[in-house]
Amino acid sequence: MTGAYLDLYGQLSPLIPRDRLIHDEVRRLAYGTDASFYRLIPQLVVKVENEAEAAAVIERCRAAGLPLVFRAAGTSLSGQAVTDSVLMQIAGTWSGIQVEEGAGRVTLGPAVIGARANRALAPYGRKIGPDPASVNSAMVGGIAANNASGMCCGTAQNSYRTLDSMRVMLADGAVLDTSWAASRAAFREERPELVAQVAELAARTRANSALAERIRRKYRMKNTTGYSLNALVDFEDPLEIIQHLMIGSEGTLGFISSITYRTVPDPPAKATALMCFPDVRTACAATTLLRRSGVMSAVEIMDRASLRSVEEKSGMPGFLKGLPEDVAALLMEVRAETGAGLRERIHTAIEALGDLPIVEQAPFTEDAAEAARLWNVRKGLFPSVGAVREIGTTVIIEDVAFPFDRLADGAVDLQKLFRKYGYHEAIIFGHALEGNLHFVFTQDFGSEREIYRYRDFIDEVVHMVVGRYDGALKAEHGTGRNMAPFVELEWGAEAYAAMREIKSIFDPAGLLNPGVILNSDPQAHLKDLKALPKAHALVDRCIECGFCEVNCPSRNLTLTPRQRIVVWREISRLRDNGGDAARLARLLDGFSYQGEATCAADGLCSLACPVEIDTGKLVKELRLQSHSRLAHATADWVANHMGAVTAGLRFLLNTADLAHAALGPAAMGAVTGAMRKLSGGLVPQWNRYLPRGADAVRQEPAGGADKVVYFPSCVARAMGAARGAPESDSLTTRTVALLRKAGYDVVYPRRLGELCCGMAFASKGFKRQGDRKLAELKEALREASEGGRFPVLFDTSPCLERVREALAGEGAPEIFEPARFAERYLVPRLRWTRLPGTVALHVPCSSRKMGLEGALRAVAKRCAERVVIPEDVGCCGFAGDRGFHYPELTASALQPLRQAIPEDCREGYSTSRACEIGLSLHAGIHYRSLFYLVDAATEPLERR
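None of the values given here were measured: they were computed from a predicted structure. (Residues numbered from 1 in each chain as written. Predicted model: local features only at pLDDT ≥ 70, side-chain atom pairs only at ≥ 80, totals over all residues. Heavy atoms only, no water.)

J.: I tried to follow the packing of aromatic side chains on my own but got confused; where do I start?
T.: In this description, a pair of aromatic rings is defined by centroid distance and the angle of the planes. What the rule picks out here adds up to 28 aromatic pairs. Plain terms: the ring middles of Phe 402 and Tyr 469 are 5.0 Å apart, the flat faces sit at 80° to each other, and that makes the pair edge-to-face. You can see Phe 402 sitting in the loop between strand 16 (394–401) and helix 17 (407–421) and its partner Tyr 469 sitting in the loop between helix 18 (448–468) and helix 19 (487–491), a full 67 residues away along the chain. Tyr 469 matches Phe 402 in its accessibility class, with the two residues each being buried. Taken together, the ring pairs connect Phe 37, Tyr 38, Phe 418, Tyr 421, Tyr 423, Phe 439, Phe 441, Phe 445, Tyr 454 and Phe 457 into an aromatic cluster. (Phe/Tyr/Trp six-rings, centres within 6.5 Å; stacked < 30°, edge-to-face > 60°. Helix = DSSP H or I, 4+ residues; strand = E, 2+ residues; numbered from the N terminus. Buried < 20%, exposed > 50% of the residue type's maximum accessible area, 1.4 Å probe, protein only.)

Structure, rendered in structure tokens:
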């Protein structure tokens with residue numbers, strides 16, 4: 001960082017904390033990618049948490065003449081969220097949600113995840129209109145700025161059509177809040193020239209009947225190519241025009257700091273079907289009939305190549321494998337307010353198809369699980385190509401729109417171009433009701449020959465879509481960089497001149513996201529292409545889409561899974577190619593903390609990843625490679641002396657508890673903080689919720705017929721209750737009491753004190769030691785359960801998640817964590833009473849991966865009148881003992897927790913002892929095992 005950027009850093013330092021002024025090499029590289037196939041490395045990344053900070057960045061970039069790009073989630077596919085200048089990243093604090101009475105409108109901050117907005121609206125039977133495939137990861141700021149749509153919203157419910165009002169900051173520092181009369185009046189008074197220019201351009205456009213009619217016709221189909229020129233003909237009020245021009249402007253005209261949508265109904269009754277037709281033309285004919293019926297919510301078309309790409313995946317309909325070569329499928333959904341209304345719509349849809357030939361079908365079903373299975377066919381298409389691509393190539397997804405009555409011709413022409421240019425793996429699918437097709441293919445940008453192949457292919461696609469069909473080159477992904485050189489070709493000179501004028505009115509210096517939407521360089525789409533070099537087999541399939549980031553506990557502290565992969569790819573490239581040694585050293589040094597140390601390795605990223613990549617596995621592998629012989633010898637000693645280590649830990653915890661009692665929390669914190677500082681971080685971070693040592697596990701003889709094998713985790717055997725907790729007994733003691741209350745005898749595995757699932761080793765990269773402990777536990781549990789006769793209870797969910805795959809096959813017992821065990825074995829044997837008040841529930845990462853959130857919630861609801869699972873809180877970031885050594889990771893992950901705890905909530909519950917320490921600290925209430933709640937809410941059946 002030199003020159004003007006260093007000056008900018010100095011100007012912003014007094015206004016924005018330096019930890020949010022990012023200029024180190026590792027994170028600049030990490031922020032140089034979005035979901036597209038372009039890379040530009042920013043000179044400075046500024047994380048802004050409020051409007052005042054955003055205004056300061058905009059003002060100082062304007063004064064210095066430095067280009068500025070706004071970024072939300074970075075899931076954009078067309079290169080509109082990367083820059084080699086200043087990147088303004090929206091922090092998670094911009095995530096306010098205000099639902100108006102009746103939920104007819106909702107006001108959202110730009111960092112609100114689309115799915116989060118829909119969860120807030122769900123109790124009212126409403127949702128936001130835009131429904132992009134990235135809705136679980138994309139932020140509202142990006143959804144609006146790209147006018148992103150999806151499978152159901154079409155053109156009637158996208159951001160443009162459902163916009164009520166917005167608050168926007170312009171390049172000159174002006175702020176307009178169209179929901180507020182005073183702001184509208186002030187803007188007219190303070191920016192009269194801008195208002196007049198917009199009004200005059202709109203009047204000229206409306207007066208040009210040929211241009212106005214072309215604009216109206218172009219927007220009858222899905223179209224995000226260029227600026228939203230329909231605003232010039234749809235509205236006369238300049239302020240309405242301004243706010244609608246912001247939709248789809250991709251950050252080139254201003255920054256949207258808040259948006260209010262008119263919400264749309266989300267009918268509760270839904271039915272889904274998958275029907276296969278002889279060919280694309282017949283499928284398109286079917287779509288025409290279904291569209292005329294007026295009952296369809298979604299119709300997704302998939303060509304045979306699409307179906308072939310997923311037919312071998314588990315859970316797919318069996319008939320996919322035997323389909324003829326030319327088949328095309330339609331995935332259909334109908335919705336209604338009632339079951340009767342739904343069945344009527346199903347009947348109408350079937351009647352509409354008449355006698356059209358159907359090769360195979362999964363008929364309409366109202367079963368949610370079956371519907372999800374059918375939708376997985378469609379959702380698996382994009383990642384299926386990414387999963388099988390040759391390492392080093394990237395996955396490109398483009399989207400075009402044809403006039404609806406030409407959809408079949410357009411699809412056939414695309415298939416011909418694939419064959420002509422050798423993209424034999426390419427697939428076509430899309431939103432058939434809107435004439436919108438996506439095509440996905442893999443591309444190597446490693447040689448000029450391959451780049452030229454891509455250039456010629458795209459050039460022919462462009463001229464086919466525009467010249468033959470007068471379609472849209474971008475239907476819903478935004479123009480970005482890859483179609484910017486072709487905007488004038490699609491729209492014509494007059495419309496393009498209007499777009500140039502719009503840019504000049506709002507951003508005369510051309511500093512906001514230059515090169516995006518409008519670009520006079522005919523080769524711009526072939527520059528700054530992103531390579532995806534081989535890095536590691538665990539992550540080579542990553543397509544850098546960013547879907548994983550929403551689940552990452554370190555996303556607001558250091559790096560996300562996508563960013564870890566980006567940096568490790570560059571490190572691997574430099575190593576393999578003998579590149580810049582000094583740069584390699586800097587990246588390795590920075591990655592040590594940013595990438596490795598602060599990764600919780602929780603695996604939640606794999607749940608959101610389209611190709612199920614667990615970046616934590618890569619980090620564990622890197623930890624393994626970094627260990628010395630001494631480290632391995634130490635791990636061996638610990639693995640061989642688990643009983644002594646656990647006893648030693650209990651002693652240390654009890655000693656710390658006595659010191660806590662003597663000194664008090666303030667003095668204890670000061671003393672241990674000083675020790676930690678003097679030791680260079682070797683002494684773990686103490687906090688007031690650190691537990692005392694656990695009660696000793698008492699192994700009493702079990703003589704009853706109803707037995708349960710109980711495996712107390714090493715964490716539960718070491719850690720008891722925290723000082724000040726409502727209960728003083730350890731989890732192991734409470735669990736045994738609960739089991740006996742339900743009439744079970746407790747059986748422990750032999751040599752319990754030495755047993756461990758091995759996670760404590762594996763998470764630190766000691767794979768050999770972890771595998772050995774896992775094998776020991778596996779055999780001990782088989783023996784204790786007498787070859788699977790008795791169920792096995794784990795009191796800690798992460799241990800169960802670690803063991804469940806290893807403990808399978810003949811003679812393996814059924815294994816349970818607290819929630820599922822309670823559902824199966826405690827519900828029938830105990831009398832349950834709902835306790836008054838509110839309790840908080842945390843679902844550990846392991847439980848999420850095992851699909852146990854529903855079980856946890858159900859058991860908690862049996863026990864308490866009100867159960868709250870705080871929104872926006874995923875992985876706690878404690879990660880075993882990592883929260884002691886990197887407390888900033890837990891603090892960052894749990895930043896929203898305290899505010900999400902209701903005022904009347906005094907207790908929290910989970911199923912992971914380590915997680916409960918961090919949760920207690922950052923919630924300000926004691927968290928403990930779900931079994932404490934179950935015990936308090938139950939009595940033996942025989943008790944009266």
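Having seen the model, we can carry on.
J.: Help me understand helix 25 (residues 629–640), please; the structure alone is not making it clear to me.
T.: One turn of the α-helix equals 3.6 residues, which is why residues spaced by three or four share an orientation. Between its first and last C-alpha, helix 25 extends 16 Å over twelve residues, near the 16 Å set by a 1.5 Å rise per residue. The set of residues buried in helix 25 consists of His 632, Ala 635 and Ala 639. Summarising the axial view, the buried residues of helix 25 lie within an arc of 60°, below the 170-degree limit, and thus occupy one face. Taken together, the buried residues of helix 25 touch helix 24 (615–626), helix 26 (642–663), helix 30 (759–762) and helix 31 (767–784). (Expected span 1.5 Å × (residues − 1). Arc of directions from axis to C-beta. Contact = heavy atoms within 4.5 Å.)

J.: I would appreciate a short explanation of the environment of Thr 558 in the present structure.
T.: In this structure, Thr 558 sits in the loop between helix 20 (493–506) and helix 21 (561–577). Taking the C-alpha atoms as reference, Thr 558 lies 9.7 Å from Ser 892; in sequence the two are 334 residues apart. Within the structure, the side chain of Thr 558 is placed 3.3 Å from the backbone oxygen of Gln 594, a separation counted as a polar contact. (Polar contact = N/O pair within 3.5 Å; in protein donor to acceptor, adjacent residues only side chain to side chain.)

J.: Just to check I follow, could you spell out the packing of helix 33 (residues 818–826) against helix 35 (residues 853–863) for this structure?
T.: Between two packed helices, the angle of one axis relative to the other and the distance separating the axes together describe the packing. It is the contact of helix 33 with helix 35, at a shortest axis distance of 8 Å, that shows an interaxial angle of 60°. Classified by the angle between their axes, helix 33 and helix 35 sit oblique to one another. As helix 33 runs across helix 35, the sense of the crossing is left-handed. Between helix 33, through Ala 819, Arg 820, Ala 822 and Glu 823, and helix 35, the contact on the second element is made entirely by Ala 855, Leu 856, Ala 858 and Val 859. Looking at side-chain class alone, the contact of helix 33 with helix 35 contains six nonpolar, no polar and two charged residues. (Axes fitted to C-alpha atoms, helices over the stretch in contact; angles between N-to-C directions. Parallel < 35°, antiparallel > 145°, perpendicular 65-115°, else oblique. Left-handed = near helix turned anticlockwise from the far one by under 90°. Nonpolar A, V, L, I, M, F, W, Y, C, P; charged D, E, K, R; others polar.)

J.: Is there a simple way to explain the packing of helix 17 against helix 18 in this structure?
T.: Interaxial distance between helix 17 and helix 18 falls to 11 Å at its minimum, and their mutual angle equals 160°. As judged from the angle between their axes, helix 17 and helix 18 are roughly antiparallel. Handedness of the helix 17/helix 18 crossing: right-handed. Here helix 17 contributes Gly 410, Asp 413, Leu 414, Leu 417, Phe 418, Lys 420 and Tyr 421 to the contact with helix 18, which in turn contributes Arg 453, Asp 456, Phe 457, Glu 460, Val 461, Met 464 and Arg 468. Grouping the constituent residues of the contact of helix 17 with helix 18 by class yields seven nonpolar, one polar and six charged.

J.: Got a minute to help me understand the side chain of Asp 399 in this structure?
T.: Looking at the secondary structure, you find Asp 399 in strand 16. Within polar-contact distance, the side chain of Asp 399 engages the backbone nitrogen of Ala 475 at 3.0 Å. Side chain to side chain, Asp 399 and His 477 meet in a polar contact 3.2 Å long. Each residue touching Asp 399, except ones within four places of it in the same chain, is listed here: Asn 436, Leu 437, His 438, Leu 473, Lys 474, Ala 475, Glu 476 and His 477.

J.: I tried to follow the sheet that holds strand 8 (residues 163–170) on my own but got confused; where do I start?
T.: Through backbone hydrogen bonds, the strands of a sheet pair up, either in parallel or in antiparallel fashion. Pairing is antiparallel across the open sheet formed by five strands, whose spatial order is 5-6-10-8-9. At either margin of the open sheet sits one strand with a lone partner, and together these are strand 5 (97–99) and strand 9 (175–177). Strand-to-strand twist of the sheet, defined as the mean angle between neighbouring strand axes without regard to direction, takes the value 15°. Taken together, the seven bridges between strand 8 and strand 10 (residues 254–262) define a ladder with antiparallel strand orientation. Among the inter-strand pairings, Val 168 is bridged to a residue of strand 10, identified as Ile 256. (Pairing = 2+ DSSP bridges.)

J.: Would you explain unusual backbone geometry in this entry?
T.: Leave glycine aside and you will find that most residues have negative phi; peptide bonds, for their part, are mostly trans. Even without glycine at this site, Asp 470 takes up a positive phi of about 50°. Relative to the assigned elements, Asp 470 resides in the loop between helix 18 and helix 19. Its relative accessible area of 21% is what places Asp 470 among the partly exposed residues. The phi angle at Ile 517 is positive, at roughly 75°, despite the residue not being glycine.

J.: Help me understand a nonpolar patch on the surface in this model?
T.: The grouping of Leu 649, Phe 651 and Leu 652 at the surface amounts to a nonpolar patch, some 310 Å² of accessible area in total. Position of Leu 652 among the secondary structure elements: in helix 26. A relative accessible area of 54% means that Leu 652 is categorised as exposed. (Patch = residues over 30% accessible without salt bridge, like charges linked within 9 Å, V, L, I, M, F, W, Y side chains within 5 Å. Areas by Shrake-Rupley, 256 points an atom, 1.4 Å probe, with all protein chains shown as cover. Salt bridge = Lys/Arg side-chain N within 4 Å of Asp/Glu carboxyl O.)

J.: Whenever I open this one, the side chain of Lys 741 confuses me. Can you help?
T.: Looking at the secondary structure, you find Lys 741 in helix 29 (residues 731–741). Taking the relative accessible area as the measure of exposure, Lys 741 reaches 17% and is therefore buried. One polar contact links Lys 741 to Asp 935, side chain to side chain, over a distance of 2.8 Å. A polar contact of 3.0 Å, which involves the side chain of Lys 741, links it to the backbone oxygen of Thr 938. Residue contacts for Lys 741: discarding those within four places in its chain leaves Leu 830, Asp 935, Thr 938, Glu 939 and Pro 940.

J.: Just checking my understanding: could you explain the pairing of strand 20 (residues 707–711) for this structure?
T.: Along any regular strand, the residues point their side chains to alternate faces of the sheet. Summarising burial for strand 20: five of the five residues are buried, a large majority. Burial of the side chains of strand 20 extends over both faces: Lys 707, Val 709 and Phe 711 are buried on one face and Val 708 and Tyr 710 on the other. Note that strand 20 and strand 22 (residues 745–747) share three bridges and pair parallel. Bridged to Lys 707 within strand 22 is Asp 745. Here strand 20 pairs with strand 23 (residues 792–794) via three bridges, running parallel. Within strand 23, the residue paired with Tyr 710 across the bridge is Leu 793.

J.: Can you walk me through the pattern of salt bridges in this structure?
T.: Charged atoms that come close allow side chains of opposite charge to pair. Scanning the entire structure with this criterion turns up 72 salt bridges. The partner of Arg 20 in a salt bridge is Glu 53, and the shortest N-O contact between them spans 2.8 Å. Taken together, the positions of Arg 20 in the loop between helix 1 (3–12) and strand 1 (21–22) and Glu 53 in helix 3 (residues 51–64) put the pair 33 residues apart, joining distant regions of the chain. Between Arg 335 and Glu 333 there is a salt bridge; the shortest N-O distance is 2.6 Å. According to the relative accessible area criterion, Glu 333 is buried, its value standing at 6%. One connected set of salt bridges, linked through shared partners, spans Glu 25, Glu 570, Arg 573, Arg 583 and Arg 586.

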